Amino acid sequence: VCGWGIYELPIRVRVVYFAQFSDAAGTREESYELPESTSVAELVSRVSSAHERVERIRQMMNIAVNKMIVGPGSTLQDGDVVALFPPITGG
Amino acid sequence: MIGMELERIKDAEIDLGPLMELVDDPELGAVVVFVGKVRSNGEVGKVDAMTYDAYSEMAEDVMREVEQKVMKSMPNVKLVMQHRVGKLGVGDISVIVVASSPKRAAAFEACRMGIEEIKRRVPIWKKEHLADGRERWVDFDKT
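As the structure is a computational prediction, the values presented were derived from the model and not from experiment.

### Considering the overall build of chain A
Item 1. Each helix and strand counted, chain A has three helices and five strands in total.
Item 2. In sequence order, the secondary structure elements of chain A are arranged as β-α-β-α-α-β-β-β.
Item 3. Dimensions of chain A, computed from C-alpha atoms along their principal axes, come out at roughly 60 × 25 × 20 Å.
Item 4. Per-residue burial for chain A yields a buried fraction of 45% across its 91 residues.
Item 5. Counting only contacts in chain A whose residues sit at least 6 apart along the sequence, the fraction spanning at least 24 positions is 54%.
Item 6. Carbon and sulfur atoms provide 52% of the accessible area of chain A, an area that totals close to 5000 Å².

Given below as structure tokens:
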């Protein structure tokens, strides 16, 4: 019998882009299906592969997961909203 | 919290009147207002318009958090802030910060803290539309 847990269940996250990152991705929002326990850094690599222009401005990328600023090592959960944006310039 | 129903991020004109009402209190005799407007001289030339982009859901949370933090650290102060998004022309109001307190020193300080925290922490970005037709995002280290 094939036990549960042998296969990694996919998770789905919503990626939203702002300012230069929205221009570079050519969209405001996308959905990504990822293996369970994917890190923010791994997602960023996927996004950068899909969008060459995002890769080019990657060094200025800030990341928020569910509206909280996070580092690249954070692990993603199903249903997370990941925002990619440049440093804040405010009003 | 004051102004529970108030949208801190708005895609239409922002008015000082309703914000003044939110910090109104017969015991608070000093009211300080900061108004930020789109200016015509940009970093690299004359500006015709400015587009403000925001991560609205997060910006709402951060602006409320900043107001709460300031009011907690300064008893008797009331602070409320509102920021406009979308494409604005030169002279249009992009941000208003209103602080009230019994005396002027605390109101000035709270108002200053509010606008500085917007600049530092609220996820808003701006793109200049230059008179010569070019468009450019304003760099974070030059504002």
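### Remarks on the sheet that holds strand S4 (residues 68-69) of chain A
Residues and elements named next belong to chain A.
Item 1. The five strands are arranged S2-S1-S5-S3-S4 in an open sheet whose pairing can be described as mixed. If you trace the sheet from one side to the other, it starts and ends with strand S2 (29-35) and S4, each paired once.
Item 2. Pairing of strand S1 (residues 10-17) with strand S5 (residues 81-85), which is carried by four bridges, proceeds in the parallel orientation. When the bridges of S5 are listed, Arg 14 appears paired with Val 81.

### Quick word on the interface of chain A and chain B
Item 1. The partner chain B presents 24 residues to the 17 residues of chain A that form the contact.
Item 2. Together, the buried faces of chain A and chain B total about 1800 Å²; carbon and sulfur atoms form 60% of this surface.
Item 3. By the criterion of area lost to chain B, the three top residues of chain A are A:Lys67, A:Thr89 and A:Gly91, representing 39% of everything that side buries.
Item 4. The interface formed by chain A and chain B includes three salt bridges.
Item 5. Two residues, B:Asp61 and A:Lys67, come together in a salt bridge whose shortest N-O distance is 2.9 Å.
Item 6. Only helix H1 (20-25) and S5 of chain A provide two or more residues apiece to the side of chain A that touches chain B.

### Considerations on the pattern of salt bridges
Residues and elements named next belong to chain B.
Item 1. Counted under the stated rule, the structure contains 18 salt bridges over all chains.
Item 2. The closest approach of N and O atoms between Lys 127 and Glu 135, which form a salt bridge, is 3.5 Å.
Item 3. Using a relative accessible area of 13% as the deciding quantity, one classes Lys 127 as buried.

What counts, and where the lines are drawn
- Each chain has its residues counted from 1, running along the sequence as written.
- Whichever chain is written first becomes A and whichever ligand is written first becomes 1, with later ones labelled in order.
- Residue-level local features of this predicted model are given only where pLDDT is at least 70; pairs of side-chain atoms are given and counted only at 80 or more, and the full residue set underlies all totals for whole chains, interfaces and linings.
- Note: side-chain values were computed over all heavy atoms of the structure, leaving out hydrogens and water.
- Only DSSP runs of H or I covering at least 4 residues are called helices, and only runs of E covering at least 2 are called strands; the numbering of each starts at the N terminus.
- Type-normalised accessible area, obtained with a 1.4 Å probe on protein chains alone, sets the label of each residue: buried when under 20%, exposed when over 50%, and partly exposed for intermediate values.
- Two residues qualify as a contact provided that any one of their heavy atoms is within 4.5 Å of a heavy atom in the partner residue.
- Every accessible area reported is derived by Shrake-Rupley at a probe size of 1.4 Å, with residue values counting cover from the shown protein chains alone.
- Strand pairing is defined by DSSP finding a minimum of two bridges between the two strands.
- Using a 1.4 Å probe, buried area is obtained as the accessible area two parts lose upon being combined, added over both of them.
- A pairing counts as a salt bridge when a side-chain nitrogen of Lys or Arg comes within 4 Å of a carboxyl oxygen of Asp or Glu.

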